[in-house]
Amino acid sequence: MPSFHCLSYLTGRLPQCRRMLSRLVDIPTSIFGEIGGIKWTLSGILLMSAFYTYFINKLTSDSILSNNPDLMLKKDYLAQVKRLHAAQRELEEKRKRIAESGSFRLLDLPPEISLLVLASCADWPGTYLSLVLVSRQLQTLTFNACLPRTPVRLISAEQVHSFDRLLRAKPRLALLVRHLWVTPLKEELLPTSIDIVKRCPNLKSIASNAYMIQQSITFRGTGASARLSHRECKDLTLLSTNTESWARLLSTPSICAFFAQISHLRLLSDRPMPSSIPFPRLMHFSYSTLSASTSLPTNKIGLDMLEDRTAYPMLHTVVLTKPRGSKGGLRIRREAKTRFFTFELPLVRTELELWCDSANQRGMWELCADPVLPSK
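These numbers were taken from a predicted model, which means no experiment stands behind them.

Asks: Give a detailed account of the pairing of strand E10 (residues 331–334), specifying residues and quantitative values.
Replies: Here E10 runs beside strand E11 (residues 340–345); their pairing, made up of 4 bridges, is antiparallel. Among the inter-strand pairings, Ile332 is bridged to a residue of E11, identified as Phe343. Hairpin geometry of E10 and E11 is characterised by an intervening segment of 5 residues between the two adjacent antiparallel strands and by a positive phi of about 60° at Lys337.

Asks: Now, about the pairing of strand E1 (residues 151–154): what can you tell me, with residues and values included?
Replies: With 4 bridges connecting them, E1 and strand E2 (residues 179–182) associate as parallel partners. Opposite Pro151, over in E2, you have His179 as the bridge partner. Chirality of the crossover, the property in question, places the unit of E1, helix H7 (residues 157–169) and E2 among those that are right-handed.

Asks: Pulling in residues and values, what's your account of the sheet that holds E2?
Replies: Spatial strand order, E1-E2-E3-E6-E7-E8-E9-E11-E10: 9 strands in an open sheet with mixed pairing. The sheet is open, and its two edges are formed by E1 and E10, each paired on a single side. The sheet shows a mean angle of 15° between the axes of neighbouring strands, direction not considered. Where strand E8 (residues 284–288) and strand E9 (residues 317–323) come together, 4 bridges link them in parallel fashion. Paired with Ser286 across the strands is Val319, a residue of E9.

Asks: Lay out the layout of surface pockets with the relevant residues and their values.
Replies: Its volume calculated, the largest pocket comes out at about 680 Å³. Among the secondary structure elements, those contributing two or more residues to the lining of the largest pocket are helix H5 (125–131), E1 and H7. Sort the elements by how many residues they give to the lining of the largest pocket and H7 lands first, with 5 residues. Residue composition of the lining of the largest pocket, by class: 14 nonpolar, 4 polar and 3 charged. There is about 480 Å³ of room inside the second largest pocket. Lining the second largest pocket are 24 residues, with His179, Asp235, Ser358, Ala359 and Gln361 positioned closest to its centre. If you list the elements that add at least two residues to the lining of the second largest pocket, you get strand E6 (235–241), strand E7 (264–269), helix H13 (351–359) and helix H14 (364–367).

Asks: Could you give an account of the packing of H7 against helix H8 (residues 190–198), with specific residues and numbers?
Replies: Orientation of H7 relative to H8, taken along the N-to-C sense of each, is 40°, at an axis distance of 10 Å. Relative to H8, the element H7 lies oblique. Remark: the crossing between H7 and H8 carries left-handed chirality. When H7 is examined against H8, the residues Val160, Phe163, Asp164, Leu167 and Arg168 are found in contact with a partner set consisting of Thr192, Ser193, Asp195 and Ile196.

Asks: Describe the pattern of salt bridges, and please don't skip the residues or the numbers.
Replies: What the rule picks out here adds up to 11 salt bridges. The partner of Asp164 in a salt bridge is Arg199, and the shortest N-O contact between them spans 2.3 Å. Residue Asp164 is found in helix H7, and its partner Arg199 is found in the loop between H8 and strand E3 (205–209); the two are separated by 35 residues along the sequence. For Asp164, a relative accessible area of 10% gives the class buried. When salt bridges with common partners are traced through the structure, they connect Asp164, Arg168, Asp195 and Arg199 into a single cluster.

Conventions adopted
- Residues numbered from 1 in each chain as written.
- Predicted model: local features only at pLDDT ≥ 70, side-chain atom pairs only at ≥ 80, totals over all residues.
- Heavy atoms only, no water.
- Pairing = 2+ DSSP bridges.
- Helix = DSSP H or I, 4+ residues; strand = E, 2+ residues; numbered from the N terminus.
- Right-handed = clockwise from strand over helix to strand, strands pointing away.
- Axes fitted to C-alpha atoms, helices over the stretch in contact; angles between N-to-C directions.
- 1 Å grid on protein atoms, 1.4 Å probe; cavity = no way out; pocket = protein on both sides within 12 Å on 5 of 7 lines; lining within 4 Å.
- Points joined across faces, edges and corners; volume = space filled by probe spheres on them.
- Nonpolar A, V, L, I, M, F, W, Y, C, P; charged D, E, K, R; others polar.
- Parallel < 35°, antiparallel > 145°, perpendicular 65-115°, else oblique.
- Left-handed = near helix turned anticlockwise from the far one by under 90°.
- Contact = heavy atoms within 4.5 Å.
- Salt bridge = Lys/Arg side-chain N within 4 Å of Asp/Glu carboxyl O.
- Buried < 20%, exposed > 50% of the residue type's maximum accessible area, 1.4 Å probe, protein only.

Any functional reading would require information beyond the geometric quantities listed.
Rendered as structure tokens:
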């Protein structure tokens, strides 16, 4: 049956194909007549046999492939292998071109781009420490890129003494420090810690207790030329305050001037902040408690502060933090029609972690920020 169909097909297509056949085998077209009158020559017979064999193979191969799924899969697999080999050869050629083009050094980049690249290492202490050991030039770039973004923590004796030695060896680095947590564990570390704070005049945020703040924030100069030592510091986390410490702070003129410039304040205290303290530029306030008892600060403290436009004319957001009673992550609640938020924190969440998040601009103030509306 396939032979009969193929012969019929060739017979029907013969008028269109005879000119092409004559060119291929150099047979004059005059020898072709009607199908019954073809003069068969040796070359014509061979050519017709070739066409016959091609069509038979084509029909039988398609039939075999359609009736045999395994062969179809094998054919697809071989085609896929060819594509993969071609892609691999292309990738190898790209790698070869990159290798031949030569690599570039980080120090060959413009300084502003190098600083942006190195600044990403501020969150990776291991990478930061490796970079400062490469060369003096790269060490200088790394300090300039990372120190302003690094929350420096001075708690243990090793941390305090190590950072003190660094600032003494490279005094200029003190001008790059922006965020400082100072809670020395031992009393003999207090003088060194206070001296470190005084040598870092460009702080933007500081976390410490009332005594450290009182001794570290001072006036420089005398009389009318006296200026506050830390004029750029607007973010204060005040730890473990009580009535006596508040009284000492308010009796220090430099601290009153310091409070007047604070825009972000967080308090950890068993007692609320005295209402007599002026904070004319306070915009964001957060409070909590040192105890885990049920006598936690109530919402009323923060709500009253939001309504007191005389003492806090610029206050925009108040956050109350308290431990979460059940398992789970951070839970945030907002009082209706107000900017008062309650943060229920997991028990494993530490105050130091909260401060580091705020220093890295990933803290509670960012979580409470107003959504940015798309511009029209």
